[in-house]
Every structure is written in C-alpha cells, then in structure tokens.
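Observations on the three-dimensional arrangement
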Amino acid sequence: MLNKRVKVYISIIIALGISFLIYSMLRTSKNTIPDIILFGFFAALAESMPVYIAKEITVSVAFAVDLMALLIFGPYGGALIASMGTAFQIVKSEDGTLRHIFNLPYYKTLFNISELALSVGIAGLVFEYTGGVAGTYIYPKYLIPAVIAASVYYLLNTSIIAILLSLLTNKSLSYVIMKEIKWMVPNFLFLAFLGIVMTEAFVRIGYISFVLLFIPLFMVRYMFKLYIDLKQSYYDTINVLMKALDAKDKYTAGHSQSVERIAALLSRELGLSESHIERIRIAALLHDIGKIGVKEEVLNKPGKLTDEEMNLIREHPVKGYEILSEVPSLKDVALWVRYHHEWYNGSGYPDGLKGEEIPLEAQILSLADVFDALVSDRPYRDAFSQEEAYKIILDHEGTQFSPKLIDAFKKAFEKHREEFKHDI
C-alpha cells in the first residue's frame, strides 16, 4: 500500500502533468498532428527496448528520442510525443510477461506520462527561453540552448523519480540520488549527444533519417546490454564464492552482504565517488574469502580457540590476498582485503601497519566487519545489541579505528540505523 505522502506526491505530479498536456494540445497546430503521431510511435518503440539493470530499474534509449522531439517540435509537441511514447510502450519484463498500458496500475501509467510531460515540456520552454528555435539546424547557433535543454530534461526527470523513490523507501533524497541515480550520468551525456545529432540529421534530410536513426539506437541498446550482462556475470561469480563460504562457515551467513552495505554507507559519508564505492563493495563481499582455506572445525568451533587455531584464523587475510591478487582486475581489492584486520595503533595483523599506512578502504572494511560481527551470533557468544556494538566501536577510537573513520561512523549510524542491522 502507498503511504499518504506518496499518494499526495503522485497526485500532484499527475495533476500538473495532465494540465500541461491539455494545454499542449490546445497550443499544437493541426498541421503537425500527423508528425507528432509518427514521432510518438518512434518514441514508443524506443521506450519498448529497455535494458534491465535490476528487477525494477531499466536503462532506456528513449531519452535521445524525447530530446529530439522537443528540439524539433518545441515544448508542447515534445511533451505530447514523450507522453505517447511512455503510454504505448510494450515491455517484456524479466519474467517474460508483457507490460503495457492495459495491465499496469492506472496511477503508474498516469505518473509516468505526467512526469515525462513536465520534464520534456519545461526543458523545451528553457530551450526557447535561452534562444533556441525548434525545428531548425542545431549546430552551431543553437547548440548551447540544446545542451541546456538536455540538462534540464535530465535533472527534472531524475529529481521527480528520486523524490518518489525517497518517499517509497523512507531514505534521504541525497542517498537515493547517490546510490540509485548518479551512476546514470554517463548514460545521459551520451544519449544527449545522440539526440542532438539525430535532430540535426532529421532537419537536414527529413523522414528518411528514421532509417538511419534506428541503427545507432539499436547499437547503443546493444552496448548497454553487453555491459550490464558482463557486470551481472561478474557479480554472479562473486556471489557463488560467497555462497561457498557461507556453506562452510554457517555462523557468518549473510555477514559479507551486511559488511558490504555498512561499508558503502561509511564510504558515502566520507565523500567517496560511486565508482570508488563500488570497488569497496566488491572488497566487502570478498573480505573473508581466505577463510575457504581454513578447516570447518576451526571456523565453527563453539568454544575458545587455541593459539594454534587462532593463528590459522589469522591467516585468512593473507590467503584472501593470494587468491584475489591472481585476478588482474582485483589487484586493489586484494590489498584492501589483506589489510582489513590492521589496527590504527599498529597492533593488528598480518603486517602490523598503523595510522595512514593502512589504506582508507581497508579501514572502512575493518569497521564494517567488526560492527556486523558484534551484532551477529557467534559460536562462543550471543549477538550484542546495536547500542552496545555502537559503544564498543566508539571505545576503540584511536586504537583500532581512526578518529576520521569514527566521525563518519557516527554520522552514518545516526542517518541509517536500520541499515546497520545484520542480514539473516
């Protein structure tokens, strides 16, 4: 069920969007209706070719077509075309079913139509306000207005969706933008360039350009799909390794996923880039991979470990480093895994590093690892409460953890307490 805030937000966007569409219809010349319908079909075709990057998140090449529409037909014609594209799309979901206007909840369809109408329409108005003239050559006279319009379209579309996600998930708007939206900027830059080139081609050679325009669109979609498939294969391999470790060490099942989540929260609080955070998340998932080389009876021993058994356990960062360093793309990850049990005061292992000698990434992994271990059941003790674990971490400032990291931990814990819970 949608909460009251979500319902109000959706209602406001729908009311504004539908009002703008009605106004656009009144402002549209009858002579352009056939062209708008034809472009609407083109937009619907583009919307029907998304690439799934997650269960409900897709990348689409339709941005280029919508940008092309507003640059050729202006704000009102562009809004109508973009809305037609999303209204009449037919998408094959990951489970093989077809999604279209007749089997989607009406409010979803109306929201999608409305937010696109507002994003494209306002971007079109900005294009005109900054000196652009619709339906003419873009380069060189109107290139800057076109780039500004593309940016406004992207920012509005992104903001409207990000606010909705924030309301649905009860997460801060900045968190949603950083985690779910920011990575799409390179996608926007390329599609904006493509949309402007497509506009120039249409103005110069007319409808025959449609035949040529399908080629780059299909190529772009194909490249997106290759990238996503390759990335998914990469993560599938990591998940297989994690399942193998979880099967061997039943008491740490879900531990790596929790460490990954906490490490990402700490990293964002420290202001690291999303690409950097992605590498740290991979390291978090793999930080205990060296335990594969430790005997199960040692890993799952219910009582106190002997000195010899403890030494075997302490070999896992080096073993993990040796495993991962054989993979060229994981050289940096391997180092962070090696050092994730080093202490700020130099009393950690395996190399006794201290202070800034310890990579920041390894320090992040260390704190995330310790916190989740504290709030998890272990063979030799029950889990601590979150508040107890929080105090233990703070008590180790200057010894196990740096003041800088503790400061980031305090802020992240205060903002995202629920996400510090252990995965069962």
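Residues numbered from 1 in each chain as written. Predicted model: local features only at pLDDT ≥ 70, side-chain atom pairs only at ≥ 80, totals over all residues. Heavy atoms only, no water.

In the annotation of an unreviewed UniProt entry, the entry for the chain reads HD-GYP domain protein, and the organism field reads Caldanaerobacter subterraneus subsp. tengcongensis.

The next thing to look at is a nonpolar patch on the surface. Taken together, Ile205, Ile208, Leu212, Ile215 and Met219 make up a surface patch of nonpolar side chains, about 510 Å² in accessible area. Top contributing element to the nonpolar patch by residue count: helix α8 (residues 209-248), with 3 residues. Looking at where Leu212 falls in the secondary structure, it is placed in helix α8. (Patch = residues over 30% accessible without salt bridge, like charges linked within 9 Å, V, L, I, M, F, W, Y side chains within 5 Å. Areas by Shrake-Rupley, 256 points an atom, 1.4 Å probe, with all protein chains shown as cover. Salt bridge = Lys/Arg side-chain N within 4 Å of Asp/Glu carboxyl O. Helix = DSSP H or I, 4+ residues; strand = E, 2+ residues; numbered from the N terminus.)

Let us look at the environment of Asn157. Assignment of secondary structure puts Asn157 in helix α5 (residues 143-169). In the structure, Asn157 is positioned 37 residues away from Val120 in sequence and 8.4 Å away in space, judged by C-alpha atoms. Excluding residues that lie within four positions of it along the chain, Asn157 makes contacts with Glu115, Leu116 and Ser119. A polar contact of 2.7 Å, which involves the side chain of Asn157, links it to the side chain of Glu115. (Contact = heavy atoms within 4.5 Å. Polar contact = N/O pair within 3.5 Å; in protein donor to acceptor, adjacent residues only side chain to side chain.)

The next thing to look at is the packing of aromatic side chains. Each aromatic ring pair is characterised by the separation of its centres together with the angle its planes make. The full count for this structure, using the stated rule, is 17 aromatic pairs. Summarising the aromatic geometry, the rings of Phe371 and Phe413 are spaced 5.9 Å apart at their centres and angled 65° between planes, so their arrangement reads as edge-to-face. Highlighted residues: Phe371 in helix α15 (residues 360-374) and Phe413 in helix α17 (residues 403-415), separated in sequence by 42 residues. For Phe413, a relative accessible area of 2% puts it in the buried group. Measuring from centroid to centroid gives 5.8 Å for Phe409 and Phe413, while their planes differ by 35°, and the two rings are tilted. Of this pair, Phe409 and Phe413 are both found in helix α17, 4 residues apart, which corresponds to roughly one turn of the helix. On the basis of relative accessibility, which here comes to 0%, the residue Phe409 falls in the buried class. Three or more aromatic residues joined by ring pairs form one cluster here, namely Phe371, Tyr390, Phe409, Phe413 and Phe420. (Phe/Tyr/Trp six-rings, centres within 6.5 Å; stacked < 30°, edge-to-face > 60°. Buried < 20%, exposed > 50% of the residue type's maximum accessible area, 1.4 Å probe, protein only.)

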